[in-house]
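Analysis of the macromolecular model
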Amino acid sequence: MPRPDETTFSLLAVLKEINDREFRKRLQGFPEKLHYYVVLAAGIIGAENSKRISETPAGVAEQSDAFIEDLLKVTPVDDEKAFRELLEVYIIKTLESELRFCCVNCRNFEQCLDAENLSVGQVFKKRVYGDETAETRKEITLQVERALRNTPYTDSDDAHLLCDKFIHQYTASDTGEVFGRYASIASGLSEKFGIDYKAFQQQMIEINISFFKKSQAKEH
């Protein structure tokens, strides 16, 4: 298997930093006593997603179920009702994040980011291969912050109105695969943890309508 080039490492560094920021922000939206369950929910939904995305390496996808089982052993659920309710919220938030009208979800993201000319890949590569010092992490964060100046709407849900270059990574027709993937995840979570699948379906319909309206706004 070929090793990733520095452009790929640069893009991975940026995406990791954005994901870390988004997770910290999402964590703050829950009471501190539930943060333990938020981390668990994120791991479970992330693993379930990886099984259903074609780009996920086969070895990773095959280990998803085992990863979830190990995660539940290490972080057991003591309050099933609280965890079930949190899962119901978290899967919707994850779906909404994937469909947000922001720079990260734009087809032109790498181009605007100028990923091919970023030097952060060199530093991130060192971290991937074992250099986990505080100095390395700080340098990565600083370089990513500079890079993100070219993509100012990473936290927005209105990039389609704020940027003429914005084109969502999904067309209206592509969303069928996305909603099918999350419906499959929700169905599995319903069987395993008892989440309210019908309520999820209703919220999914509302998200679909919102996505379609924003897509139409961009076209006009």
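Here the structure is shown first, and the text comes after it.
Let me begin by describing the structure that accompanies this report. (Residues numbered from 1 in each chain as written. Predicted model: local features only at pLDDT ≥ 70, side-chain atom pairs only at ≥ 80, totals over all residues. Heavy atoms only, no water.)

Overall, the coordinates contain zero disulfides when judged by the stated rule. Here C163 stays unpaired: no disulfide links it, and the sulfur of C112, its closest cysteine neighbor, is 6.0 Å away. (Disulfide = S-S within 2.5 Å.)

This paragraph deals with helix α10 (residues 175-193). Given a rise of 1.5 Å per residue, 19 residues ought to cover 27 Å, and the 26 Å separating the end C-alpha atoms of α10 matches this to within 8%. Of the residues making up α10, those classed as buried are T175, V178, F179, R181, Y182, A183, I185, A186, L189 and F193. Looking at the residues trailing α10, positive phi occurs at G194, about 80 degrees. (Helix = DSSP H or I, 4+ residues; strand = E, 2+ residues; numbered from the N terminus. Expected span 1.5 Å × (residues − 1). Buried < 20%, exposed > 50% of the residue type's maximum accessible area, 1.4 Å probe, protein only.)

Going through the model one piece at a time under the given rule, you end up with 14 salt bridges. With its nearest N and O atoms 2.6 Å apart, the salt bridge here joins R26 to E22. Remark: E22 and R26 occur in helix α1 (residues 6-28); sequence separation between them is four residues, near one turn of the helix. Exposure remark for E22: the relative accessible area of 22% places this residue in the partly exposed category. Of the charged contacts, one joins E22 and R100 as a salt bridge, the two residues approaching to 3.5 Å between their closest N and O atoms. One end of the pair, E22, is in helix α1; the other, R100, is in the loop between α5 (80-99) and α6 (109-113), and 78 residues separate them in sequence. (Salt bridge = Lys/Arg side-chain N within 4 Å of Asp/Glu carboxyl O.)

These figures capture arrangement, not role.
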